[in-house]
Amino acid sequence: MQNQSSTGSAHYRLRGSEGQWRVESDGDTGMAYASKEAAFEAAVAAASNAIRDGYDVTITVPGAGETMLGVEDTGHGAGEPAGAAGKV
């Protein structure tokens, strides 16, 4: 999954839908993952190796138009309790 361009950069893009998320890198797609989150974790692992090797890294993940399998998007950030948004 780790493909770097000759410019010293590595690009990872998540593509797919429920049950068939894949990490694309330089046109190559890897194995299918059951969720967007699982594919993201695989991309981060590959990106970590690229960073260690000195590459610039970009990970692109589609937005809310694509849903995560079995996860409801409540609009709240990670670790932020429901109802906490906007409170100061």
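Small disclaimer: the values here were computed from a predicted structure and weren't measured. (Residues numbered from 1 in each chain as written. Predicted model: local features only at pLDDT ≥ 70, side-chain atom pairs only at ≥ 80, totals over all residues. Heavy atoms only, no water.)

1. Here we look at the overall build of the protein chain
Next up, step 1: On a plain count of helices and strands, the protein chain comes out with 1 helix and 4 strands.
Next up, step 2: Starting at the N terminus and ending at the C terminus, the protein chain contains elements arranged as β-β-β-α-β.
Next up, step 3: Among the 88 residues that make up the protein chain, the fraction classed as buried is 18%.
Next up, step 4: The long-range fraction of contacts in the protein chain, counting pairs at least 24 apart against all pairs at least 6 apart in sequence, stands at 47%. (Helix = DSSP H or I, 4+ residues; strand = E, 2+ residues; numbered from the N terminus. Buried < 20%, exposed > 50% of the residue type's maximum accessible area, 1.4 Å probe, protein only. Contact = heavy atoms within 4.5 Å.)

2. As for the pattern of salt bridges
Oppositely charged side chains can pair when the atoms bearing their charge come close.
Next up, step 1: Inspection of every chain in the model, using the stated rule, returns 1 salt bridge.
Next up, step 2: Note that R15 and E24 form a salt bridge whose closest N and O atoms lie 3.2 Å from each other. (Salt bridge = Lys/Arg side-chain N within 4 Å of Asp/Glu carboxyl O.)

3. Things to note about the nonpolar core
Side chains that are nonpolar tend, in soluble globular proteins, to be buried together.
Next up, step 1: With 12 residues, the main nonpolar core is built from A10, Y12, L14, W21, V23, Y33, A39, A42, A43, A46, A47 and A50.
Next up, step 2: Taken together, the elements giving at least two residues each to this core come down to β1 (9–15) and α1 (36–52).
Next up, step 3: Counting residues per element, this core draws most heavily on α1, at 6 residues. (Core = buried A, V, L, I, M, F, W, Y, C linked by side-chain atoms within 4.5 Å.)

4. Quick word on the sheet that holds strand β4 (residues 56–60)
Next up, step 1: The mixed open sheet is built from 4 strands, whose spatial order is β3-β2-β1-β4. Two strands in the sheet have a free side with no partner beyond their single neighbour: β3 (28–29) and β4.
Next up, step 2: Relative to β4, β1 is paired through 5 bridges, and the arrangement is parallel. Residue pairing in the sheet places A10 in a bridge with V57 of β4.
Next up, step 3: Helix-sheet contacts for α1 involve β1, β2 (22–25) and β4, and the interaxial angle to β1 is about 175°. (Pairing = 2+ DSSP bridges. Axes fitted to C-alpha atoms, helices over the stretch in contact; angles between N-to-C directions.)

5. Concerning unusual backbone geometry
Next up, step 1: A positive phi angle, near 55°, is found at D26, a position not held by glycine.
Next up, step 2: Mapped onto the fold, D26 is located in the loop between β2 and β3.
Next up, step 3: The class for D26 is partly exposed, based on a relative accessible area of 40%.

6. What to know about α1
Next up, step 1: Look at α1: 24 Å from first C-alpha to last across 17 residues, which is about the 24 Å you get at 1.5 Å a residue.
Next up, step 2: Buried-residue contacts for α1 involve β1, β2 and β4.
Next up, step 3: Residue G54 follows α1 closely and has a positive phi angle near 95°. (Expected span 1.5 Å × (residues − 1).)

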